[in-house]
Every structure is written in structure tokens, then in C-alpha cells.
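Chain by chain, the residues:
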Amino acid sequence: AAATPGGSTSRARAAARAAAEARAAMTTVAAGGRPPATTGTTLQKTLQQMEGRGYPSYKDLMGAPWDMEGCDGCQVFFDRVQGDPYAPPSWVRVRLPMAAAKFPAEYVAKTRTRNVALCDFVTRVIADMLRGGTGTDWTKAVSGGGWSGSKGGDISIEVPGQYVLSRTCMVVTSEFVEARLTLSLPARGRSVEGHRAADIVGGLMDVVKKSMYYSALDQDALRSHILSVEDQEAARAQLDAFGLVAFVANGSILPRKSGVDERPMTRADDPNLVTFESPPTLAVELEVPNRGRIGGMGIRRGITMIVGGGFHGKSTLLQALQVGVYNKVDGDGREFVVCDDRAVKIRSEDGRWVACADISPFINNLPFSRDTTAFSTGDASGSTSQAANIVEALELGARALLIDEDTCATNFMIRDAPMVELVAPEKEPITPFIKRVRPLFEDQGVSTIMVIGGSGDFFPVADTVVCMERYRATDVTERAHAIAESHGRRVPEPVPFPATASCRVLQKEGLAADHKVSAKSLRCITYGNTEIELTYVEQLVEIGQAKAIMDALQHLAASSKYVDGTRTLAEVVDALERALVAEGRNVGEQGLDSISHGNPCPFHALPRRFELGAAVEPVKDGEVFVEPRRRGTADEGRPQRRLRPTPGAAA
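Residues numbered from 1 in each chain as written. Predicted model: local features only at pLDDT ≥ 70, side-chain atom pairs only at ≥ 80, totals over all residues. Heavy atoms only, no water.

Visitor: Mind showing me how you'd approach the overall build of the protein here?
Guide: The number of helices and strands found in the protein is 16 helices and 29 strands. The buried share of the protein, taken over its 651 residues, is 54%. Sequence-distant contacts in the protein: of pairs separated by 6 or more residues, those separated by 24 or more amount to 72%. When the accessible surface of the protein is summed, it comes to about 27800 Å², and 50% of that surface belongs to carbon and sulfur atoms. (Helix = DSSP H or I, 4+ residues; strand = E, 2+ residues; numbered from the N terminus. Buried < 20%, exposed > 50% of the residue type's maximum accessible area, 1.4 Å probe, protein only. Contact = heavy atoms within 4.5 Å. Areas by Shrake-Rupley, 256 points an atom, 1.4 Å probe, with all protein chains shown as cover.)

Visitor: Quick question: what am I supposed to make of the sheet that holds strand E28 (residues 530–533) here?
Guide: Remark on secondary structure: sheet strands pair via backbone hydrogen bonds, oriented parallel or antiparallel. The strand order E26-E27-E28 describes an open sheet built from three strands, whose pairing is antiparallel. Each edge of the sheet is formed by a strand with only one pairing partner; in this case those strands are strand E26 (517–521) and E28. Neighbouring strand axes in the sheet, compared pairwise and without regard to direction, differ in orientation by 20 degrees on average. One ladder, built from three bridges, connects E26 with strand E27 (residues 524–527); its direction is antiparallel. (Pairing = 2+ DSSP bridges. Axes fitted to C-alpha atoms, helices over the stretch in contact; angles between N-to-C directions.)

Visitor: When you look at the layout of surface pockets in this model, what are you seeing that I'm missing?
Guide: Sizing a probe to match a water molecule and rolling it over the atoms shows the empty space that remains. Taken as a whole, the largest pocket holds about 900 Å³ of empty space. Ser-166, Glu-233, Val-325, Val-581 and Leu-606 are the residues nearest the centre of the largest pocket, which is lined by 36 residues in total. Elements with a contribution of two residues or more to the lining of the largest pocket: helix H5 (112–130), strand E6 (170–172), helix H7 (219–238), helix H15 (569–580) and helix H16 (609–616). The biggest single contributor to the lining of the largest pocket is H5, with seven residues. Looking at the lining of the largest pocket residue by residue, the class counts come to 16 nonpolar, eight polar and 12 charged. Looking at the second largest pocket, its volume works out to about 600 Å³. Taken together, 23 residues form the lining of the second largest pocket, with Arg-415, Val-420, Ile-434, Lys-435 and Pro-492 sitting closest to its centre. At the level of elements, helix H11 (417–422) and helix H12 (433–444) are the ones that each hand at least two residues to the lining of the second largest pocket. Counted by class, the lining of the second largest pocket contains 11 nonpolar, four polar and eight charged residues. (1 Å grid on protein atoms, 1.4 Å probe; cavity = no way out; pocket = protein on both sides within 12 Å on 5 of 7 lines; lining within 4 Å. Points joined across faces, edges and corners; volume = space filled by probe spheres on them. Nonpolar A, V, L, I, M, F, W, Y, C, P; charged D, E, K, R; others polar.)

Visitor: Would you take a moment to explain empty space enclosed by the protein for this structure?
Guide: Scanning all chains against the criterion turns up four cavities of 30 Å³ or more. Of the pockets and cavities examined, the largest cavity occupies roughly 60 Å³. Contributing elements (two or more residues each) for the lining of the largest cavity: helix H14 (543–558), H15 and H16. The residue makeup of the lining of the largest cavity, split by class, is 12 nonpolar, no polar and no charged.

Visitor: Would you mind going over the pattern of salt bridges with me for this structure?
Guide: One pass over the full model with this rule turns up 36 salt bridges. Taking the shortest distance from any N to any O, the salt bridge between Arg-114 and Glu-230 comes out at 2.8 Å. Of the two residues, Arg-114 is situated in helix H5 and Glu-230 in helix H7; the sequence distance between them amounts to 116 residues. Taken as a pair, Arg-114 and Glu-230 share a single burial class, namely buried. (Salt bridge = Lys/Arg side-chain N within 4 Å of Asp/Glu carboxyl O.)

Visitor: Can you walk me through helix H6 (residues 194–211) in this structure?
Guide: Because the α-helix completes a turn every 3.6 residues, residues three or four places apart line up on one side. Taking 1.5 Å of rise per residue, the 18 residues of H6 would be expected to cover 26 Å, and the 26 Å separating its terminal C-alpha atoms lies within 8% of that figure. With 15 of 18 residues buried, H6 lies mostly within the body of the structure. (Expected span 1.5 Å × (residues − 1).)

Visitor: Would you explain the pairing of strand E10 (residues 244–249) in this entry?
Guide: Every other side chain in a regular strand lies on the same face of the sheet, so the side chains alternate between the two faces. Among the six residues in E10, six count as buried, and that is most of the element. Where E10 lies against strand E14 (residues 292–300), five bridges are found, and the strand directions are antiparallel. Across the sheet, Ala-249 pairs through a bridge with Gly-296, a residue of E14. Two strands pair when backbone bridges link them, and E10 and strand E17 (residues 337–339) are joined in this way by three bridges, in the antiparallel orientation. Bridge pairing in E17 links Val-248 to Val-337.

Visitor: I tried to follow the packing of H5 against H7 on my own but got confused; where do I start?
Guide: When two helices pack together, their arrangement is given by the angle between the helix axes and by the axis-to-axis distance. Running from N to C, H5 and H7 point in directions that differ by 135 degrees, and their axes come no closer than 9 Å. The orientation of H5 relative to H7 falls into the category oblique. In this structure, H5 crosses over H7, and the sense of that crossing is right-handed. Contacts between H5 and H7 involve Thr-113, Arg-114, Ala-117, Leu-118, Asp-120, Phe-121 and Arg-124 from the first element and Ala-221, Leu-222, His-225, Ile-226, Leu-227, Val-229, Glu-230 and Glu-233 from the second. Taken together, the residues of the contact of H5 with H7 sort by class into eight nonpolar, two polar and five charged. (Parallel < 35°, antiparallel > 145°, perpendicular 65-115°, else oblique. Left-handed = near helix turned anticlockwise from the far one by under 90°.)

Visitor: Would you mind going over the confidence of the model for the protein with me for this structure?
Guide: Parts of the model with low pLDDT should not have their predicted coordinates read in detail. In this model, the protein carries a mean pLDDT of 87, and residues with pLDDT of at least 70 account for 86%. For the stretch residues 18–32, pLDDT sits under 50, and the model shows 16 contacts to residues farther than four places along the chain or on other chains. Confidence over residues 138–151 falls short of pLDDT 50; this stretch has 36 contacts with residues more than four positions distant or in other chains. (pLDDT = per-residue confidence, 0-100.)

Visitor: Would you explain the packing of aromatic side chains in this entry?
Guide: Geometry of an aromatic ring pair is reported as the spacing of the ring centres plus the angle between the planes. Inspection of the entire model under this criterion finds nine aromatic pairs. An angle of 90 degrees between the planes, with centres 5.5 Å apart, marks the rings of Trp-91 and Phe-603 as edge-to-face. Within this pair, whereas Trp-91 is found in strand E3 (residues 90–97), its partner Phe-603 is found in the loop between H15 and H16, the two being separated by 512 residues in sequence. As far as burial versus exposure is concerned, Trp-91 and Phe-603 are alike and both buried. Through a chain of ring-to-ring contacts, the aromatic side chains of Phe-362, Phe-412, Phe-433 and Phe-497 assemble into a single cluster. The ring of Phe-77 has Arg-93 lying over it, and the distance from NZ or CZ to the ring centre is 4.2 Å. For the cation-ring pair, Lys-547 lies above Phe-603, with the distance from its terminal atom to the ring centre recorded as 4.6 Å. (Phe/Tyr/Trp six-rings, centres within 6.5 Å; stacked < 30°, edge-to-face > 60°. Lys NZ or Arg CZ within 6 Å of the ring centre and 35° of its normal.)

Visitor: Got a minute to help me understand the nonpolar core in this structure?
Guide: One recurring pattern in soluble globular proteins is that nonpolar side chains are buried together. Residues Met-305, Phe-362, Leu-401, Phe-412, Met-413, Phe-433 and Phe-458 are the most contacted members of the largest nonpolar core, which totals 80 residues. What Met-305 contacts, discounting residues up to four positions off in sequence, is Met-450, Ile-452, Phe-458, Ala-462, Thr-464, Val-465 and Val-466. The next biggest cluster of nonpolar side chains, apart from the first, holds 60 residues, and it includes Ile-157, Val-164, Leu-183 and Leu-217. (Core = buried A, V, L, I, M, F, W, Y, C linked by side-chain atoms within 4.5 Å.)

Visitor: Can you walk me through the packing of helix H2 (residues 42–49) against H6 in this structure?
Guide: Look at H2 against H6: their axes get within 6 Å of each other, and the N-to-C directions meet at 160 degrees. It follows that H2 is roughly antiparallel to H6 by the angle criterion. When the axes of H2 and H6 are compared, the crossing they make is right-handed. On the side of H2, the interface is formed by Leu-43, Gln-44, Leu-47 and Gln-48, while H6 contributes Gly-194, His-195, Ala-197, Ala-198, Val-201 and Gly-202. For the contact of H2 with H6, the residue count by class is five nonpolar, five polar and no charged.

This is the structure we're talking about:
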């Protein structure tokens, strides 16, 4: 085109029309076909005025909250604003006064269990709407763009799975309801797209109006969700009074859709689906406050073996039990598969890092007089890793061990008669688990539930033997004992289990508050230059838990309340756990906020104490380590000789 004044004006007008059409098209796509209903607020006008400015102009949004006029006193906070379009998304909070939200006090403040369930329900509704759904059914896959389209401007909240956890993405107190989200502030190149950002904020406010007001929700569904979670918590709380370590309700659906889909299997997925029914001899009834009596199989404290042929449901039952420490969403199928909340899944873990663990209850008399009361290695074998996993769980207060033979070190579990004859006991450093499992219960009160498919040597020590056949459970305890008797199997001579005391002192050296940390998946945390592998920490169920653990490590480094050179690892974890669950604070206050750095984090979920401890253990290269501390001596409370894992040392 000719470079004339008229030509420049024509091109400018054409560019303006194209930009307006693009904005309208993006708004239509983002809103699922409709522009946002919320418009004209001060925040939206401010964003529109930023159109075309440099991307750092978005930083001006931080500071005082933005009042959303016409939205019942709702406020929007920009806690963290990204520096460029390719940086991690910004952190945004939307707070609505309870006077407008009007959730019943019995849901908000009666118990922490109800509060967590309420937050979980509202989170699911918001997440579903942001993904293009209606907010009424989060069990189906949602297609379509919604406000969380694949291009710039994504706005999202943590998407819950099958579990009802305390999460930082939603907080409900007697004063307000607050959603915490992430927003990739939109840009064209590196310039602000203010009009589009204003439309996104408007769309977010439309979602708020449909999700954060009690009157806007399906109140029957909300009540059912809260009462179901309350009943699950009540069922778990009754286990000890009934002498149980776990309970599996009749009618439970244990199989999942697939290995990567935690939703329950349906008959459409497999017409041979079998729901769980208790053997008559193991049947018990629990009474919960809302549903009343619930019948099912009670797994008694002690030693329980789960046997059966391959692919008949043994591991499926154990997997349901290992997540029985968590409450589930109504309709999961495993709502009333509940387990002692201090049950820990144990397995071998070749190559793991071990720091000063007392594995002497299982392993002694190593070659070259290597000490096993403060054992360290950078490359544990199957047997030493399994021994370490057990003693570390006991150190943090485990009351039940969940074990699958398939993931265990064989030489750690049993030694049969021919092997004992060939390799004399005095030449074998390992005291097999079969000799420790009974004293572990009788001396320490720690139960064991174990899947066994290849060895009947455990039959004599078992209190209960459950056989899974075509996913149906039968009580075969008497038959198993009779078979063991007929084959000359006897209860092995018990070896008393020594009293365990937490004698490892966590040191602050190497705990760096300025380390870069990230958790890009559920199974791995990057801490500085160290990768903390969590693949075998099988009771982690949401990435938000891994992210909370990641920031907890930073918090331990930054705060003087925990690691002081004298507190044991268990004492540090105790104190951290009390902070994370907001012990002693008002219902609705979010304890996980204590590990946020300055601003409330939108993506933490509550981990258990055992997973916290498991993350401390693998931090290596001398950055984080523990020291043995002797008890009952003149040196009590004073750290002893420092022992570090030696890189490359194998065990």
C-alpha cells in the first residue's frame, strides 16, 4: 500500500476492526458461546485500560483487594503476578462474605470434617464449571473449552480426584468463602491483552455466582456429600473400639476403571464386575451417625493374610485398604473401605537412600562389622530398604503395616528349611520378617495385613486368612492352619521385637530456604539439585500433597520452630503435622497456609506424617541428614557422632 496519510488511516482502522473481532471471538470461545454477564467493575475497567501496555504492567494489580461492584461485597486479590507470559501462572483469590454466601453454620463450623467436605464440594463445582461443565456432575469427562481453554488466559483451580482432602484452593470460615486459583494473564506477544483479561475476570465472577452461594448449589447433593464424608470418618474412628484395623463394607466396588483412572469400574466397563461381600465368620456391623448400620468384613488387629490365585483380587483388596486412610467422594464405591489412619504400605525399594536407620531388629552381623543400629547407605538393597521402610514407619507411629508379597524382597520375608540347612543362621545377617511379624504385634501392637501368593510358611503365624477367588472373599483360617499342621509347618521361634525409640535428630545443615523446589508430578520432587523420588510412596494420592511436601521442606529450613539440632525426626514431624492440620485453631482456618511463602498457596493438599517423613529421608548428598541420639544416658538430648550416607556405598 502506498505510504499516504489516507492509507495509514485505512490500515489502522482495519487493524482495529480485526483486533475487535479477535477479542469478540476469544470471548465467545472462552465463555462457552456467551460473553460474561459480569461487566463494568473497576477491576475490569482497569484491565481494559492496560490494553497494549508492556506485560509487566500486570504487576500493578497486586496490593489492595479489588472490590467487585454489584457482586455482594466480593473481592479479588492478586497475590502473585507472573513476570512474563511464559512464567508460571499468577495466583488469584476470590473472597465472598459469608453474609452473601449464606452456607449453613452446621456445615461451616460444626466440625473440621464437615468443613473439609464442604470445601471439597464447592471446589469440584468450580473446577467442573471452569472446564466447561455444569457444576453438577464431576464423575464424567468434560469436553469443550470453558474458561480454561488451551490458549493463553487459562484460569483453573486444583481439580480433586476421588479423595476428600484438606486443600488450600478453597477456604470456608464463618466470615467468608474464598477460592484460590491460578490465572495465566493473557498477552499478545509480550503486551497486555486487557480486554480479554477483563472478560476472563467477568467469566470468573459468573462462575462464582453459580458455585460460591449456597442458594446456587444442589443443596441435596451437597448435604449427601458432607454426610457421607462424616460417616466415613465416624466408621474409621470406631475401628479401635471393635478391635479392628480395617473394615470393608458389603457392596463396595473395589476395582477401578483402569490403572490410570481411579473412578469405580461399572458393569458397562466389565459385565463380570463383582461387588464385595463379607464372609459370614468375619462379618461385623458399624453404626455411623447418618447412614445408620453398615455391615461388612472386619479385619481384626493382629496378622491377616490375603491369599488366592493370580488375578483373583488379592492386590485389588490391599490397594483399596491402603487408600482406606482417606475419605472418598460419594459414589466412589470404596467410601466404607476404611483403614487405621496410621496404616503404612511397606515394600522393598532397591537403590534408595537410607540415613542412620536402626535396622538391627532385622539385620545384624554384616561383614566387616558394619553397624546396623545407625545404618546409612546411598544404594540400599531390597532387604535393607524394606527393613529401613519398616523401622522408619514405626519411628513415626505406624499402627499397621500393609504388605504385598509381589513387592517384597524374598530373602527378607522368609528362609525355608533347605536354605537354613545350607546357610547356617549364624552366617545369615537377616532375621526374616516371618520371625518378627508376631512379636511386632504382641510387643509393639503393630498389626500386619499381607498379600501372600507363593508361600504358606506364614499360615501358622496368621490370626486370619482371607482367600480371594473371583473377587469373592472367604474365611479359610481354619483350613490354612490345618494345612500348615499337615505339612509340619510350625510357628517359628519368636524373636522379641525391641522397643523402638526415635533417636534420629534432623539437622538443619543443608536445609536451604532458598533452594529451588518443584513438584511436576505426584512421584518426584526437585529440591535444589536433588531429586526426591516418591514413586514407591504409594499412599500419596494427589499432586497437591507432593507440592505441600515440597514447600514443607522449605518451611523447615526457614523456620526456627522445628529443626534445632536436638529434636528428633519424629518430634519435628509431630510439630509440623500439628501446624498443617491447624490443631487448636478455629474450624475453617487452613493450617497448610503455614508453609506458604508470604501469600496463600492455591495448590496444596494435606499429606500424612508418613509421607512427610518419607520425603525427608531421600534428600541426599549430605544436604539433609540425621544423627543418632542415645536415650537414658548422661548424653540424652545431645547429638552424637555425625553419620552421613556415603555416596556410592552399597548395602
